[in-house]
Amino acid sequence: ISFSPDGGSVWTCGDDKIIKMWDRSPAGGEQVAPLHTIMGQFPFLSLDHHWHEPLVATCGVNVQIWDHERSEAVTTLTWGSESVQSVRFNPVERHVLASTASDRSVVLHDIRSGT
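Residues numbered from 1 in each chain as written. Predicted model: local features only at pLDDT ≥ 70, side-chain atom pairs only at ≥ 80, totals over all residues. Heavy atoms only, no water.

Asks: An account of the overall build of the protein chain is requested, with residue identities and associated values reported.
Replies: In terms of helices and strands, the protein chain carries zero helices and eleven strands. From first element to last, N terminus to C terminus, the protein chain shows the α and β order β-β-β-β-β-β-β-β-β-β-β. A compact globule built from 115 residues would reach a C-alpha radius of gyration of about 13 Å, and the protein chain, at 14 Å, matches this within 12%. In terms of overall dimensions, the protein chain has a C-alpha envelope of 45 × 30 × 25 Å along the principal axes. Counting the 115 residues in the protein chain, one finds 34% classified as buried. Intrachain contacts of the protein chain at a sequence separation of at least 6 include 36% that bridge at least 24 residues. Looking at the protein chain as shown, the accessible area adds up to about 6,800 Å², and 50% of this sits on carbon and sulfur atoms. (Helix = DSSP H or I, 4+ residues; strand = E, 2+ residues; numbered from the N terminus. Rg over C-alpha atoms; globule rule 2.2 N^0.38 Å. Buried < 20%, exposed > 50% of the residue type's maximum accessible area, 1.4 Å probe, protein only. Contact = heavy atoms within 4.5 Å. Areas by Shrake-Rupley, 256 points an atom, 1.4 Å probe, with all protein chains shown as cover.)

Shown next, in the form of structure tokens:
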């Protein structure tokens, strides 16, 4: 789960391979449908919202960067680990993304170059 920087939406993901954007303040406790849904290829273990851009990073089999307006990943980052456990954008260095993997590795990615 991750909140957008403006606090207006909440993003969720799960092993159902779906990323969902929810309205943070639904009216009157009604049951709500997601505002936006993105279907992935693999189950997701974690996600994080970019601090300044309309981007969401997910992880599982690999790390993927998603734009709010697209239904396919903008960037996919992979390396030799079985699974990526967590992913976080750096609040200061806007183009740096950190991830941890099941083999205990920690990887820093530069999303400008896709590495």
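Asks: Hey, could you go over unusual backbone geometry for me, with residue numbers and the actual values?
Replies: At lysine 17, a position not held by glycine, the phi torsion is positive, near 70°. Position of lysine 17 relative to the elements: it lies in the loop between strand 2 (9-13) and strand 3 (18-23). Even without a glycine there, the phi angle at arginine 104 is positive, about 75°. Position of arginine 104 among the secondary structure elements: in the loop between strand 10 (96-101) and strand 11 (106-110). The class for arginine 104 is exposed, based on a relative accessible area of 78%.

Asks: Lay out the pairing of strand 7 (residues 63-67) with the relevant residues and their values.
Replies: With four of its five residues buried, strand 7 lies for the most part within the structure. As judged from the five bridges shared by strand 6 (residues 55-59) and strand 7, these two strands associate in the antiparallel manner. Residue valine 56 lies in a different strand from strand 7, and its bridge partner there is tryptophan 66. Hairpin remark: strand 6 followed by strand 7, antiparallel, with three residues in the connecting loop. Pairing of strand 7 with strand 8 (residues 75-77), which is carried by three bridges, proceeds in the antiparallel orientation. Of the residues in strand 8, the one forming a bridge with isoleucine 65 is threonine 75. (Pairing = 2+ DSSP bridges.)

Asks: Before we move on, could you go through the sheet that holds strand 10 and cite the residues and values that matter?
Replies: Spatially, 9-10-11 is the arrangement adopted by the three strands of the open sheet, whose pairing is antiparallel. Edge positions in the sheet fall to strand 9 (84-89) and strand 11, since each has one partner strand and no second. The sheet shows a mean angle of 20° between the axes of neighbouring strands, taken without regard to direction. In terms of strand pairing, strand 10 meets strand 11 through five bridges, oriented antiparallel. Among the inter-strand pairings, leucine 97 is bridged to a residue of strand 11, identified as histidine 109. (Axes fitted to C-alpha atoms, helices over the stretch in contact; angles between N-to-C directions.)

Asks: Outline the pattern of salt bridges, supporting the account with residue identities and numerical values.
Replies: Taken as a whole and judged by the stated rule, the model has one salt bridge. For aspartate 110, the salt bridge goes to arginine 112, with nearest N and O atoms at 2.9 Å. On the basis of relative accessibility, which here comes to 23%, the residue aspartate 110 falls in the partly exposed class. Its relative accessible area of 60% is what places arginine 112 among the exposed residues. (Salt bridge = Lys/Arg side-chain N within 4 Å of Asp/Glu carboxyl O.)

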